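Architecture and fold: a report
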Amino acid sequence: MDRAERVFDTVLHALARLAAAVFASIAALIPVDLILRNGFGASIYGLLDAIEYGLLVATFLAAPWVLSINAHVSVDLFVGGLSGRARRVAATLANVAGACAAGVFLWFAVVAMTQSIERETMIRTAFVIPEWWVLAVAPASMALILVEFARRLLRAGGANVRTGL
């Protein structure tokens, strides 16, 4: 593995750890809020909105790492019955399709974020923040996913080295 791949993997792992921290914070704060609400008649102001944004951001942060370790949901019933060569062809086609989908999502995410910046759109809930702050995570994630699909295509003719698919 060359230096660029190690740096890329380090970035993916850092984003996954950040996503895990967000998920852990959500898991810790929900029962605290329930205890405060039921026991003391108080609540953590803005927690539900923060959880909503946290779930969105953490999901996008973790997605490239999940893809890189092949931990995403996949249905391999059909592929499992194929020969080695046919399996590699199926993996290549799946990676090409994934790269194309990531490219399309990247394009639309950049357009949405750019329009939000140009229009100076704000989110007005418990927090008042520029909308593009929330939208920015999608293009970053899709770009990393696109790079990961490209890496898969460059390795072993499109085969996933970690799983043999």
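In what follows, the accompanying structure is described.

What counts and how
Residues numbered from 1 in each chain as written. Predicted model: local features only at pLDDT ≥ 70, side-chain atom pairs only at ≥ 80, totals over all residues. Heavy atoms only, no water. Core = buried A, V, L, I, M, F, W, Y, C linked by side-chain atoms within 4.5 Å. Buried < 20%, exposed > 50% of the residue type's maximum accessible area, 1.4 Å probe, protein only. Helix = DSSP H or I, 4+ residues; strand = E, 2+ residues; numbered from the N terminus. Contact = heavy atoms within 4.5 Å. Salt bridge = Lys/Arg side-chain N within 4 Å of Asp/Glu carboxyl O. Axes fitted to C-alpha atoms, helices over the stretch in contact; angles between N-to-C directions. Parallel < 35°, antiparallel > 145°, perpendicular 65-115°, else oblique. Left-handed = near helix turned anticlockwise from the far one by under 90°. Nonpolar A, V, L, I, M, F, W, Y, C, P; charged D, E, K, R; others polar. Expected span 1.5 Å × (residues − 1).

Some words on the nonpolar core
- By size, the foremost hydrophobic cluster in this structure holds six residues: Leu-67, Ala-99, Ala-102, Met-142, Ile-145 and Phe-149.
- Top contributing element to this core by residue count: helix α6 (residues 137–154), with three residues.
- Ignoring anything within four residues of it in the chain, the contact list for Ile-145 reads Ala-63, Pro-64, Leu-67 and Ala-102.
- Formed by five residues, the second largest nonpolar core is a distinct cluster that contains Ala-19, Ala-58, Ala-62 and Val-137.

Details of unusual backbone geometry
- At Asn-70, a residue that is not glycine, the phi angle is positive and equals roughly 60°.
- By secondary structure assignment, the location of Asn-70 is in the loop between α2 (47–68) and α3 (77–80).
- The buried category is assigned to Asn-70, whose relative accessible area is 19%.
- With a phi close to 55°, Glu-120 is a non-glycine residue in the positive phi region.
- Structurally, Glu-120 can be placed in the loop between α4 (84–119) and β1 (122–124).

A word on the environment of Glu-120
- On the basis of relative accessibility, which here comes to 65%, the residue Glu-120 falls in the exposed class.
- Taking the C-alpha atoms as reference points, Glu-120 and Glu-131, separated by eleven residues in sequence, lie 7.8 Å from one another.

A word on the pattern of salt bridges
- As enumerated under the stated definition, the model contains six salt bridges in all.
- A salt bridge links Arg-37 to Asp-33, with the nearest nitrogen and oxygen atoms 2.6 Å apart. One end of the pair, Arg-37, and the other, Asp-33, are both in helix α1 (residues 3–40), four residues apart, so they sit about a helical turn from each other.
- Note on Asp-33: relative accessible area 3%, which makes it buried.
- Between Arg-151 and Glu-148 there is a salt bridge, with its nearest N and O atoms 2.8 Å apart.

Brief notes about the packing of α1 against α6
- For the pair α1 and α6, interaxial distance at closest approach is 12 Å and the crossing angle is 135°. Overall, the two elements α1 and α6 adopt an arrangement that is oblique. The interaxial crossing formed by α1 with α6 has left-handed handedness. On α6, the residues touching Glu-5, Phe-8, Asp-9, Leu-12 and Leu-15 of α1 are Leu-144, Val-147, Glu-148 and Arg-151.
- Of the residues that constitute the contact of α1 with α6, the class distribution is five nonpolar, no polar and four charged.

So, α4
- For α4, with 36 residues, the first-to-last C-alpha span of 52 Å sits near the 52 Å given by 1.5 Å per residue.
- Among the residues making up α4, those that are buried are Ala-91, Asn-95, Gly-98, Ala-99, Ala-102, Ala-109, Met-113 and Ser-116.
- Where α4 is buried, its residues contact α5 (131–135) and α6.
- Phi turns positive, to about 55°, at Glu-120, one or two residues after α4.

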